[in-house]
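Okay, here's what each chain looks like letter by letter:
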Amino acid sequence: QVQLVESGGGLVQPGGSLRLSCAASGIAFNNYAMGWYRQAPGRQRELVATVTSDGRPDYAEPVKGRFSISRDNAKNTVYLQMNSLTPEDTAVYFCNAKLPGYGYLNYWGQGTQVTVSS
């Protein structure tokens, strides 16, 4: 059974930082591209950042220079370091695992809430 379990969300003041983690099980983690998405109330889910199986990151424009995605294949875990947070970053953040070339092998975590507010 595939499980993606996010942690690290919470309430933070504007300008603060949070680090999200996503622990994966039930998949050959090393082979999967991993990503973080977010969904704010009343908005569609949007891509935040991805990292390929060999560690190449990519970022959505709104988070470039502020967020950093990384993975630890030994721990089957992907991270999202979020700095200089603004209220616009408030959303539920979801972890995603996708096996390139196999569209049906696409898994989601349950999400973790990030709230940026003073």
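Residues numbered from 1 in each chain as written. Predicted model: local features only at pLDDT ≥ 70, side-chain atom pairs only at ≥ 80, totals over all residues. Heavy atoms only, no water.

*Asks:* What should I look at first to understand the side chain of Arg 66 in this one?
*Replies:* Here Arg 66 is to be found in the loop between strand E6 (57–59) and strand E7 (67–72). Within the local environment of Arg 66, its side chain forms a polar contact with the backbone oxygen of Pro 62, the two atoms lying 3.0 Å apart. Once you skip the residues sitting within four places of it in the chain, Arg 66 turns out to touch Gln 81, Met 82, Asn 83, Ser 84, Leu 85, Thr 86 and Asp 89. (Helix = DSSP H or I, 4+ residues; strand = E, 2+ residues; numbered from the N terminus. Polar contact = N/O pair within 3.5 Å; in protein donor to acceptor, adjacent residues only side chain to side chain. Contact = heavy atoms within 4.5 Å.)

*Asks:* What is the right way to read the packing of aromatic side chains from this model?
*Replies:* Aromatic ring pairs are defined here through the distance separating the ring centres and the angle between the ring planes. This structure, assessed with the given rule, holds three aromatic pairs. When the centroid spacing of 6.3 Å and the interplanar angle of 80° are considered together, the rings of Tyr 102 and Tyr 104 count as edge-to-face. The exposed category is assigned to Tyr 104, whose relative accessible area is 63%. Sitting above the plane of the Trp 108 ring, Arg 45 keeps its charged end 4.6 Å from the centroid. (Phe/Tyr/Trp six-rings, centres within 6.5 Å; stacked < 30°, edge-to-face > 60°. Buried < 20%, exposed > 50% of the residue type's maximum accessible area, 1.4 Å probe, protein only. Lys NZ or Arg CZ within 6 Å of the ring centre and 35° of its normal.)

*Asks:* Whenever I open this one, the state of the cysteines confuses me. Can you help?
*Replies:* Covalent bonding between the sulfur atoms of two cysteines defines a disulfide. Taken as a whole, this structure holds one disulfide when the rule is applied. Each sulfur in the disulfide pair Cys 22 and Cys 95 lies 2.1 Å from the other. Here the S-S torsion is close to -80°, and the disulfide linking Cys 22 with Cys 95 is therefore left-handed. Taken together, the residues Cys 22 in strand E3 (residues 18–25) and Cys 95 in strand E9 (residues 91–98) connect sequence positions 73 residues apart. The buried category is assigned to Cys 22, whose relative accessible area is 0%. On the basis of relative accessibility, which here comes to 0%, the residue Cys 95 falls in the buried class. (Disulfide = S-S within 2.5 Å.)

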